[in-house]
Structures are given as C-alpha cells and as structure tokens.
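# Reading the structure
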Amino acid sequence: MEGRLLPDQFPLEPTPSLSVETVVSVRHWNDFLFSFTITRPPSFRFRSGEFVMIGLMGDNGRPLLRAYSMASPAYDEVLEFLSIKVPDGPLTSRLQKIKEGDHIYLGRKPTGTLVADALLPGRRLFLLGTGTGLAPWMSLIRDPDIYDRFEQIAVVHSVRGVSDLAYRETLEARLADDPLVGEMAAERLTYIPTVTREPFHTNKRIEGLMLDGTLFQGSLGEPKNFDPVHDRVMLCGSMTMIKEVAAMLEGFGFTEGANSHPGEYVIERAFVG
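Residues numbered from 1 in each chain as written. Predicted model: local features only at pLDDT ≥ 70, side-chain atom pairs only at ≥ 80, totals over all residues. Heavy atoms only, no water.

Of the regular secondary structure elements, the protein holds eight helices and 11 strands. Its C-alpha atoms give the protein a radius of gyration of 19 Å, within 12% of the compact-globule value 19 Å for 273 residues. In terms of overall dimensions, the protein has a C-alpha envelope of 55 × 40 × 35 Å along the principal axes. In the protein, buried positions account for 53% of the 273 residues. (Helix = DSSP H or I, 4+ residues; strand = E, 2+ residues; numbered from the N terminus. Rg over C-alpha atoms; globule rule 2.2 N^0.38 Å. Buried < 20%, exposed > 50% of the residue type's maximum accessible area, 1.4 Å probe, protein only.)

Quick look at the structure:
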C-alpha cells in the first residue's frame, strides 16, 4: 500500500491482529476535537456501538494502539472515529496530524457492551455521553435496527464548550439527510446538548438534567423520570459521569446489562475498568 508517512512513523505492515487502512477524510471540529474516516476491510464486521483498537507505529517499532468506538453505523462503507487532541498524548499527539492518504492500524476484532443486544426490550432509550462518548451514539442512531427496538431515542451530549458539540447540525436536523433512518429519526429522535463552561441554553451536567426533568422533554413524553420497566440507558464518556449516573440508576432500580445477561442500562467496562 502506498501513502504518506508521518515524519516519526515507521512503515505499517499488517499483522495477524491488525490490518493497515487508509485515511479517507479528516475533520477538525476545533483545537481539541477531530474526527476521521478510514477504509473498511471487506471482512470487517461489527455491531453498531462497538469499539476497536486503532493506532500508529510507536517509537519502539511496535504498534501504539488505543480503543475507539466506531461513530459510523455497521453498514457503512467506511469507518468513522471521533477523537480528542492531546498535545503530549502518546497516540493522539500523532493521530491528530493525520491527513487523507495516511495509513493507520485497525484491529480485526471489534467488541463492546454499548450494543442493543446488551439491553432488555424497552420503550425509551437514553444515550448519555460526555465529550467523545458521543461516538457510539452516532453509530447506533443511524442503524435502522435501533428504531425497531425502541419507540423513542434521546441523545444527550454534555461538553465544556459550544464548539465541542460535534455533529451538532446533523443531530439538530435529526438525521434528515439519512436515507435509511431519516423519517424514523424525525419522529422518534430527541437531541439534548448541554454545555457546562460557556453560555448555552442548557448548561447543567447530565446528573442535573436527570434531576430537573430536562431529559424528558419533547416527544419523550411521560413519565418525567426514569422507569426501569420501560426505559433503557447507555453511558459513555468521563469516568466521573458514568459512576455518578450509574449509581443514580441503580438507586432507581436499574440493573447493569452485558452481552451475556441483558439489563436496563449498560456502560463500556473496557473504558472505565
């Protein structure tokens, strides 16, 4: 495979656990956040909401990898990822410099618990995320299967600054341009952004939005609180948010689910330990 090498990057070669893919596009949302798409191997299969290892070559000549959730739906021809920029991060300090045509490692075995199969059947699905924790939600809400499972879906995205609201226009339009789910999303999808460190119409943390009822606005209807009988919740983002919200859900009578035993809410254990 031919492609531009980063200045400090060894040539990439496939391994039994890693394929070498090409960067198709890159979008810088601001100085701290970017997204990118890469080629998808014909044999690569995943469930919307799962994650995979991606990375570059390290200074020691060995792959430098990190787990990233796919932001693209399971049927897409390319794979999309959302990443923060960390100036001194071992991987992200390099990853943020990628350009179209560059090469990147992709793990061959996606996995994860932020999938519909880890939840019991329900009526409303709440996708609660902070920062890049939005990525798996972008995958899930563009998958027609999720609309067969739930009557109402809410994407709640908490960030520090307004420019951190990646995919905001797409979400505000409720996926209007999506040929597969656009009509269903227009009726069933609710987008609730909140910004905690800049002026914005909603500025509370997710925990606060749960307590004051903001999460239950619009078409989400009644009840104006979490009900473990009908509601299902997925959590992704900061460890603080996940622990606090999970504790609140447990107090409401929710039980954590997994692929082997579905429940009323799920987190990604691989990210939070």
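Past the structure itself, the notes keep going.
This next bit is on the environment of Ser139. Tracing the sequence through the fold places Ser139 in helix H2 (residues 135–140). Classification of Ser139 as buried rests on a relative accessible area of 0%. Sequence-wise, Ser139 and Pro42 are 97 residues apart; in three dimensions their C-alpha atoms are separated by 18 Å. The residues contacting Ser139, other than those within four sequence positions of it, are Phe46, Ser48, Gly49, Met70, Ala71, Ser72, Pro73 and Ala74. (Contact = heavy atoms within 4.5 Å.)

On to the pattern of salt bridges, then. Between side chains of opposite charge, pairing is possible as soon as their charged atoms come close. Throughout the structure, instances matching the rule amount to 11 salt bridges. Two residues, Asp117 and Arg47, come together in a salt bridge whose shortest N-O distance is 3.2 Å. Here Arg47 lies in the loop between strand S2 (33–39) and strand S3 (51–57) and Asp117 lies in the loop between strand S6 (103–107) and strand S7 (124–130), a separation of 70 residues in the sequence. With relative accessibility at 37%, the residue Asp117 sits in the partly exposed group. (Salt bridge = Lys/Arg side-chain N within 4 Å of Asp/Glu carboxyl O.)

Across the sheet, which stays open at both edges, the six strands sit in the order S4-S3-S6-S1-S2-S5 with antiparallel pairing between neighbours. The open sheet has two edge strands, strand S4 (63–69) and strand S5 (78–84), and neither has a second partner. Strand-to-strand twist of the sheet, defined as the mean angle between neighbouring strand axes without regard to direction, takes the value 40°. Pairing of strand S1 (residues 18–28) with S2, which is carried by five bridges, proceeds in the antiparallel orientation. The residue of S2 that forms the bridge with Val23 is Ile38. (Pairing = 2+ DSSP bridges. Axes fitted to C-alpha atoms, helices over the stretch in contact; angles between N-to-C directions.)

The end-to-end C-alpha distance of helix H7 (residues 239–251), which contains 13 residues, comes to 18 Å, matching closely the 18 Å that a straight helix rising 1.5 Å per residue would cover. Three or more residues of H7 are buried, namely Met241, Ile242, Val245, Ala246, Met248 and Leu249. The buried residues of H7 occupy an angular sector of 160° when projected down its axis, which confines them to one face. In H7, those exposed residues whose orientation departs by more than 90 degrees from the buried face are Lys243 and Gly251. Backbone geometry just downstream of H7 places Gly253 in the positive-phi region, at approximately 100°. (Expected span 1.5 Å × (residues − 1). Arc of directions from axis to C-beta.)

What is shown is where atoms sit, not what they do.
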